[in-house]
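The residues making up each chain are set out below.
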Amino acid sequence: MPPVAEPSAPSPPGARPGPARAQCPYCGVGCGLELKPGEPAPDPEASPASWTVRGDRQHPSSLGQVCIKGATVAETLDQNRLVQPQWRERLDQPFRPIDWEQAYAILIHQIQHTLASQGPSGLAMYGSGQFLTEDYYVANKLFKGALGSNNFDANSRLCMSSAVAGYARSLGSDGPPCCYDDLDLSDLVLLIGTNTADCHPVLFQRLLKRKRKLKAALQIVVVDPRATTTSDAADLHLAIRPGTDLVLLHGLGHLLLLQGAIDRAFIDQHTEGFAALETLWQAWTPERVSALCGISIPQLEQLAQLWARSSAVLSLWSMGVNQSREGTATVGGLINLHLVSGQIARPGAGPFSLTGQPNAMGGREAGGLAQLLPGYRAIANPAHRAEVERHWGFAPGAIASQPGLAVWQQVEAMERGELGLWWVAATNPLVSLPWLDRVRAAAQACPLVVLSEAYAGTETAAVAHLLLPAAQWSEKAGVMTNSERRLTLCPAFRQPPGEARADWEIFAELGRRLGFVSQFNFDSAAAVWQEFSALTVGRVCDLSGLSHRLLAEHGPQQWPFPQGCAPGEGQARLYGDRRFPTDSGRARLIAEQPLGLAEPPCDQFPLVLTVGRYLGHWHTMTRTAQVERIQQRHPEPLLEVNPMDARRYGLVDGALGQVRSRRGAVSAKVMVTDRIRPGTLFLPMHWGASQELACEANRLMHELGCPISKQPELKAAAVTLEPVILKPVTLKPVTLKPVTLEPVSLKPLA
Ligand code: SF4
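Since the structure is predicted, the reported quantities are computational estimates derived from the model, not experimental observations.

Participant: Please provide a residue-by-residue account of the sheet that holds strand S19 (residues 478-481), values included.
Facilitator: One open sheet accounts for three strands, arranged S19-S20-S21; its pairing is antiparallel. Both outer strands of the open sheet, S19 and strand S21 (557-558), are each paired with one neighbouring strand and no more. As judged from the four bridges shared by S19 and strand S20 (residues 486-490), these two strands associate in the antiparallel manner. By the bridge assignment for S20, Met480 is matched with Thr488.

Participant: I'd like a rundown of the packing of helix H3 (residues 133-146) against helix H20 (residues 503-513), residues and numbers included.
Facilitator: Interhelical geometry of H3 versus H20 gives an angle of 25 degrees and a closest axis separation of 8 Å. In terms of their interaxial angle, H3 and H20 are classed as roughly parallel. In the packing of H3 onto H20, the handedness of the crossing is left-handed. Every residue of H20 that contacts H3 at Glu134, Asp135, Val138, Ala139, Leu142 and Ala146 is listed here: Asp503, Trp504, Phe507, Ala508, Leu510 and Gly511. For the contact of H3 with H20, the per-class residue count stands at eight nonpolar, one polar and three charged.

Participant: Requested: an account of helix H21 (residues 525-534), with residues and values cited.
Facilitator: Along an α-helix, residues three or four apart share an orientation, since each turn contains 3.6 residues. The buried fraction of H21 is high, at eight of 10 residues. Among the residues of H21, Ala525, Ala526, Ala527, Val528, Trp529, Glu531, Phe532 and Ser533 are the ones counted as buried. Looking at the buried positions of H21, the neighbouring elements they touch are H3, S19, H20 and helix H22 (548-554).

Participant: Go over the domain arrangement of the protein chain, please, and point to the residues and values.
Facilitator: Domains assigned within the protein chain are domain 1 (104-159 + 358-463 + 494-535), domain 2 (161-353) and domain 3 (607-723). Contacts between the two partners involve six residues from domain 1 and, on the opposite side, seven residues from domain 2. The class makeup of the residues in the side of domain 1 that touches domain 2 is three nonpolar, one polar and two charged.

Participant: Tell me about the packing of helix H8 (residues 245-259) against helix H14 (residues 327-340), residues and numbers included.
Facilitator: Relative orientation and spacing of two packed helices are given, respectively, by the angle between their axes and the distance between those axes. It is the contact of H8 with H14, at a shortest axis distance of 9 Å, that shows an interaxial angle of 20 degrees. The orientation of H8 relative to H14 falls into the category roughly parallel. For the pair H8 and H14, the sense of crossing is left-handed. Side by side, H8 and H14 meet where Asp245, Leu246, Leu249, His250, Leu252, Gly253 and Leu256 of the first sit next to Ala329, Thr330, Gly333, Leu334, Asn336, Leu337 and Val340 of the second. Here the contact of H8 with H14 is composed, by residue class, of eight nonpolar, five polar and one charged.

Parameters at a glance
Residues numbered from 1 in each chain as written. Predicted model: local features only at pLDDT ≥ 70, side-chain atom pairs only at ≥ 80, totals over all residues. Pairing = 2+ DSSP bridges. Helix = DSSP H or I, 4+ residues; strand = E, 2+ residues; numbered from the N terminus. Axes fitted to C-alpha atoms, helices over the stretch in contact; angles between N-to-C directions. Parallel < 35°, antiparallel > 145°, perpendicular 65-115°, else oblique. Left-handed = near helix turned anticlockwise from the far one by under 90°. Contact = placed C-beta atoms within 7 Å. Nonpolar A, V, L, I, M, F, W, Y, C, P; charged D, E, K, R; others polar. Buried ≥ 20, exposed ≤ 12 C-beta atoms within 10 Å, placed from the backbone. Domains from an automatic or database assignment.

In structure tokens, the structure reads:
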């Protein structure tokens with residue numbers, strides 16, 4: 001492969017760095033940031049240069065807007081970093097520093113031992129939407145190509161896998177069909193299962209600005225069991241019972257049918273499966289839907305009227321829909337409504353998933369889930385496997401024919417002693433996975449747990465044997481894709497600390513040391529990108545016309561962006577020709593009955609706990625706990641309890657409440673509020689065991705999930721509630737010894 005030059009590189013140590021533009025490394029809105037170096041530090045070794053951050057006005061996705069997380073990201077770059085590989089043989093030993101040679105020797109020994117004793121299925125990696133696309137690509141090539149193990153999964157499994165499966169089932173391929181400009185063109189925005197104000201704040205502010213201007217001409221409907229800053233802006237808030245989203249969508253379909261508010265021409269020409277869906281919808285009467293969802297019939301009718309009379313309906317969803325036993329079915333239920341009413345593939349209209357992680361979209365493009373291959377290909381498809389094997393330079397059959405283990409299956413495999421290596425990279429599953437005690441015990445049983453991390457002391461490090469210091473965003477070059485399919489080159493503009501290395505470099509070096517020299521002979525992230533992008537030719541996510549250089553020179557671009565496409569000519573929306581990438585060219589209408597919660601409330605656990613996020617904190621707080629402004633804004637996790645439940649369980653505002661599920665219990669300060677519906681509790685998911693105020697909400701959640709997407713139902717578990725009675729402390733009587741005071745002779749004052 002000819003060398004591919006990086007268009008940018010960090011300034012050498014000691015030199016004054018220049019300004020940089022990049023995508024924000026937090027949420028999937030993918031705002032543009034402009035970073036400028038502050039005054040040089042007197043001793044750059046002791047204290048690295050500071051950076052000021054502001055929104056990048058030239059970034060088309062965010063136009064200069066930024067939220068508190070993006071604005072403070074520079075404060076998180078240097079503290080608490082992991083700077084050297086560390087190793088311990090047993091988990092009860094302290095880590096000791098080692099060098100990279102020793103680290104690779106440990107990895108190679110365990111990989112070879114596992115391959116010999118258990119085969120490729122004994123190796124697994126759990127990666128991250130914090131990866132740059134180049135990291136994803138090389139990790140996939142290493143596991144699925146070189147090692148023959150499809151057990152490469154990522155934390156997008158917890159975030160977006162239901163959206164991936166739902167788009168593929170209904171439309172024939174993954175890929176959000178909409179773009180952010182659609183927010184400015186719709187007259188009805190339905191926000192379902194998304195607290196956009198806190199989780200995608202810059203997009204929400206864009207919507208709010210338009211709402212203030214247009215008033216009733218733009219209608220906002222929010223579906224969420226909890227009142228949030230998002231629902232405060234809504235014309236209609238449907239506080240449905242947790243687990244009834246699909247019931248609501250079918251009920252809406254029923255009313256659209258009744259009102260004749262369907263697009264017969266679109267259905268006939270561009271879809272299949274309408275007869276079965278029509279039969280299913282007919283059974284979902286307003287009475288049934290109202291009783292199950294816990295909303296009134298007039299509220300449901302109001303939603304149907306709004307949908308029927310709107311010229312452009314945009315639906316936004318996020319984890320409230322995806323993290324569910326029926327996540328894929330609910331995504332299908334939402335896409336059904338758009339297809340049947342012709343509200344898709346035109347300006348202002350369509351089903352639009354908002355991605356959680358900054359580069360979960362890039363991960364999907366690079367095949368970063370256990371059932372995927374790069375370019376939106378599927379492992380189960382023999383032709384796709386053959387194409388990728390050829391491109392990667394491996395022999396036919398190198399890629400195993402069965403999809404690999406999704407993350408919860410990896411946990412179960414560790415429990416059964418079937419994994420010899422669990423490699424976690426750029427994520428913190430010991431806070432973010434459900435049923436944390438079980439995950440902890442499973443990981444403790446695995447012979448080698450490797451953690452590639454930028455930060456020291458995360459909860460996952462407690463179960464790791466080998467720590468590998470990773471360069472993070474700003475210290476390595478690569479591409480991220482945001483929720484509207486827009487790619488931004490994130491340059492390396494700072495030196496990584498100590499011995500930290502880019503994830504893709506760590507994986508490529510290991511590949512070469514395992515004997516796959518030509519396959520991993522990358523000399524730059526730009527070269528990795530070139531190889532990856534060539535694999536997308538002719539695919540829905542064709543981005544083969546993009547290079548690091550083009551992105552550096554012309555700024556962020558949307559895909560599809562095939563070879564020959566000029567800057568700015570990437571497609572804003574998919575399927576404008578109404579042809580869908582299915583065998584028939586028609587979109588599929590999905591007729592599925594709702595299943596409800598996997599763990600419904602019962603006599604012993606009569607409440608439903610749902611978890612979510614605060615505006616300022618990011619996931620497991622590895623970064624944001626370091627920012628004083630954010631800590632002041634969200635100093636502690638609060639357990640939200642409806643006043644009726646507070647009375648019933650003997651709790652008052654500010655008291656300590658204990659929430660208990662079948663898997664454990666956690667305590668938090670109670671906030672009594674009517675913003676959560678009776679029978680439902682809310683906890684933030686951010687606080688892990690290593691935080692001073694440990695409140696591991698995900699300890700309580702169960703592992704059951706959507707059978708299609710394998711996304712766990714992290715949004716709902718059956719729990720009970722009780723006050724924490726602090727035991728009175730009995731003080732032992734203390735016998736004071738008599739003190740004999742020495743006589744003091746006072747001198748007369750002069
Ligand atoms: S909205 Fe998301 S991408 Fe934008 S600045 Fe905030 S965290 Fe970053």
